Amino acid sequence: MTIRVVVADDQELVRSGFAMILDVQEDIEVVAEVGDGAAAVEAVARLAPDVALLDIRMPVLDGIEACRAISAGSTCRTVMLTTFDSDEYVYEALHAGASGFLLKDVRRDDLVHAVRVVAAGESLLAPSVARRLIEEYTAVTGAAARAGLTADRLEVLTARERETLLHLGRGLSNAEIAAALVVSEHTVKSHVGNVLAKLGLRDRIQAVICAYETGLIAAGTPSGE
C-alpha cells in the first residue's frame, strides 16, 4: 500500500527537499506541495492523504491551527516540522492532534521512518516522554485548567477503562498495564481501543493529554502512584 503525503512549508527549498526525499521511496507518494497552512488544509480535504508534514510557522494559517483543522476534519495524520526545539511547541502540536514532531535538520532516513511510523497508526513520541513534557508544561502554564476539560468527559468509560486511561496517562506499555491490572495483554489492547474510541482520541499520546486535562492525573504526581 502506498503512503500518500502532503508537504506544507513556506520555504520552497525545504518543501521540495522533503518532497524529493519521500517521493523516491517505493511505498511513498507526495501528492501535493503547498506553502501555507490554509493550502495544506484544502489539499488534505481534496486529496485525502495518509500523512501531512506541516511546518509550525507558516503564513495565512500556522501549522498548529492547520493541524487542528486537519485532525478535526479528516483521518489524515500529521507530523510537525520546525527549527525550534521547544517543549511548548511539542505540547501545542500534540494537543492539536499531531502524531509526531520533528526538527527540520532531521536525517533523511529518520524522516522516511517517521512518515511510515505515523502512517501505520503509531506516534513518534513515546508516551513516557509525552507524559514528562505534558506534566512539566501544564504545571508551569496551567494549560490543563485553560483547556476547560473536566472529569465529566470520562463518564462514558467503565471503571476498568478508566483505570486503563490512568495507566496510559502514566506512559505504561500494554505489558505494564496488563501486570498492573492482572489481565492479559489481549484484554488490555481491547480496553485501550475502547478508551480511544469512546473519548475520540487518535492514539496513546492523546490519551496522556486527556488524562492530565481531565484531572485524572495531576501534574507532579509520581508515575508509580
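Everything discussed here concerns the structure shown above.
Attention in this report is confined to the structure presented alongside it.

1. As for the overall build of the protein
Per the secondary structure count, the protein includes eleven helices and five strands. Put simply, of all contacts in the protein between residues at least 6 apart along the chain, 68% involve residues at least 24 apart. Approximately 10,500 Å² of the protein is accessible, and the part contributed by carbon and sulfur atoms is 52%.

2. Let's talk about the nonpolar core
Core analysis: the biggest nonpolar cluster contains 50 residues, and L54, M80, F101, I134, L165 and L199 have the highest contact counts within it. With seven residues, helix α11 (residues 204-213) is the single largest residue contributor to this core. If sequence neighbours within four positions are ignored, L54 has contacts with A8, A40, G63, A66, C67, I70, T78, V79, M80 and L81. The next biggest cluster of nonpolar side chains, apart from the first, holds 20 residues, and it includes V5, L22, A114 and V118.

3. Concerning the layout of surface pockets
Roughly 260 Å³ of internal volume is contained in the largest pocket. As for the largest pocket, its lining consists of 15 residues, of which H95, A96, G97, L201 and Q206 are closest to the centre. If you list the elements that add at least two residues to the lining of the largest pocket, you get α3 (63-73), α4 (87-96) and α11. No other element matches α11, which puts four residues into the lining of the largest pocket.

4. Focus on the pattern of salt bridges
Under the defined criterion, the tally for this structure stands at nine salt bridges. In this structure, D9 engages K104 in a salt bridge whose closest nitrogen and oxygen atoms are separated by 2.8 Å. Of this pair, D9 sits in the loop between β1 (3-8) and α1 (12-23) while K104 sits in the loop between β5 (100-103) and α5 (108-119); the two residues are 95 residues apart in sequence, bridging distant segments of the chain. Of the residues examined, D9 reaches a relative accessible area of 0% and is grouped as buried. With its nearest N and O atoms 2.9 Å apart, the salt bridge here joins R160 to E163. With R160 and E163 both in helix α8 (residues 159-169) and three residues apart, this pair spans about one turn of that helix. Accessibility expressed as a relative area gives 33% for E163, which makes it partly exposed. Three or more residues are tied together by salt bridges with common partners; here these are D9, D55 and K104.

5. Considerations on the packing of α8 against α11
Axis separation between α8 and α11 bottoms out at 8 Å; the angle between their running directions is 100 degrees. Considered as vectors, α8 and α11 are oriented roughly perpendicular to each other. Of the residues in α11, those in contact with L165, L168 and G169 of α8 are R204, A207, V208, C210, A211 and Y212. Its residues placed into classes, the contact of α8 with α11 shows seven nonpolar, one polar and one charged.

Cut-offs applied
Residues numbered from 1 in each chain as written. Predicted model: local features only at pLDDT ≥ 70, side-chain atom pairs only at ≥ 80, totals over all residues. Heavy atoms only, no water. Helix = DSSP H or I, 4+ residues; strand = E, 2+ residues; numbered from the N terminus. Contact = heavy atoms within 4.5 Å. Areas by Shrake-Rupley, 256 points an atom, 1.4 Å probe, with all protein chains shown as cover. Core = buried A, V, L, I, M, F, W, Y, C linked by side-chain atoms within 4.5 Å. Buried < 20%, exposed > 50% of the residue type's maximum accessible area, 1.4 Å probe, protein only. 1 Å grid on protein atoms, 1.4 Å probe; cavity = no way out; pocket = protein on both sides within 12 Å on 5 of 7 lines; lining within 4 Å. Points joined across faces, edges and corners; volume = space filled by probe spheres on them. Salt bridge = Lys/Arg side-chain N within 4 Å of Asp/Glu carboxyl O. Axes fitted to C-alpha atoms, helices over the stretch in contact; angles between N-to-C directions. Parallel < 35°, antiparallel > 145°, perpendicular 65-115°, else oblique. Nonpolar A, V, L, I, M, F, W, Y, C, P; charged D, E, K, R; others polar.

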